[in-house]
Amino acid sequence: MKKIIFTEKAPAPIGPYNQAVLSGNTLYASGQIAINPESGELITDNINDETNQVMKNIAAILEAADMTFENVVKSTIFIMDMNNFGAINTVYGSYFNEKTAPARETVQVACLPKNVNVEISIIAVQ
C-alpha cells in the first residue's frame, strides 16, 4: 500500500509524479529544486539561498508525512558544478545532526530541471 504525500508548503510537481510517496513506514521524496512554493519563483541568485530553499521544500514534505530530518536515512544530491560542493554541503549539513546524518551521495550532472544548480532527494523512515 502506498500513500501520496502532498503539501502546499512545497512546490507542486511539474510532471507525472508526486512530491512523495509513503510506503509502509518509508517515505520516498522526489527531488526538490529551489522553487518558492508561495511565489512560484525559482531561487537561483546564489548557491546558498538556492540550497536553503531546496532544504525548506524537503522540510515541508517531511512535515506533511509527520517526519523531520532525523527520519532521513538516505539522500542524493545532484549538482551542476562540483565547485559549489562546499557551499551546498554547508547549507545541507545545517539541517542535520552530524552524528545521525543520513547516508548520501553527491553527483555532478550535465543538466537539471529548469537549469537549476542543485536538486536533492531523500528517503526517510518513521
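The chain goes by RidA family protein in an unreviewed UniProt entry, where it is assigned to Flavobacterium humidisoli. Per UniProt, the chain carries the Sequence similarities (unreviewed entry) text "Belongs to the RutC family."

What should I look at first to understand the overall build of the chain in this one?
Regarding its fold elements, the chain presents two helices and six strands. The N-to-C order of helical and strand elements in the chain reads β-β-β-α-β-α-β-β. Radius of gyration (C-alpha) of the chain: 14 Å, near the 14 Å computed for a compact globule of 126 residues. Summarising its shape, the C-alpha atoms of the chain cover approximately 40 × 35 × 25 Å along the three principal directions. Sequence-distant contacts in the chain: of pairs separated by 6 or more residues, those separated by 24 or more amount to 68%. Per element, the accessible surface of the chain, about 6800 Å² overall, is 50% carbon and sulfur. In the chain, the 8 positive side-chain charges and the 13 negative ones have mean positions that sit 7 Å from each other.

When you look at the sheet that holds strand β1 (residues 2-5) in this model, what are you seeing that I'm missing?
Overall, mixed pairing links the six strands, which are arranged β1-β2-β3-β6-β4-β5 in an open sheet. Each edge of the sheet is formed by a strand with only one pairing partner; in this case those strands are β1 and β5 (103-108). Pairs of neighbouring strands in the sheet enclose a mean axial angle of 15 degrees, with direction left out of account. Against the sheet, helix α1 (residues 47-64) touches β1, β2 (20-23), β3 (26-32), β4 (72-79) and β6 (118-125), its axis set at about 25 degrees to β6. Each of β4, β5 and β6 is contacted by helix α2 (residues 85-93), which is oriented at about 155 degrees to β4, the strand it contacts most.

I tried to follow α2 on my own but got confused; where do I start?
Within an α-helix, residues lying three or four positions from one another point in the same direction, as the helix has 3.6 residues per turn. Considered for burial, the residues of α2 that qualify are I88, V91 and Y92. Across the axial projection of α2, the buried residues extend over an arc of 100 degrees, all falling on one side. Those residues of α2 that are buried lie in contact with α1, β4, β5 and β6.

What counts, and where the lines are drawn
- Residues numbered from 1 in each chain as written.
- Predicted model: local features only at pLDDT ≥ 70, side-chain atom pairs only at ≥ 80, totals over all residues.
- Heavy atoms only, no water.
- UniProt positions renumbered as here; feature names shortened; annotations may be inferred.
- Helix = DSSP H or I, 4+ residues; strand = E, 2+ residues; numbered from the N terminus.
- Rg over C-alpha atoms; globule rule 2.2 N^0.38 Å.
- Contact = heavy atoms within 4.5 Å.
- Areas by Shrake-Rupley, 256 points an atom, 1.4 Å probe, with all protein chains shown as cover.
- Lys, Arg positive; Asp, Glu negative; His and termini not counted.
- Charge placed at Lys NZ, Arg CZ, Asp CG, Glu CD.
- Pairing = 2+ DSSP bridges.
- Axes fitted to C-alpha atoms, helices over the stretch in contact; angles between N-to-C directions.
- Buried < 20%, exposed > 50% of the residue type's maximum accessible area, 1.4 Å probe, protein only.
- Arc of directions from axis to C-beta.

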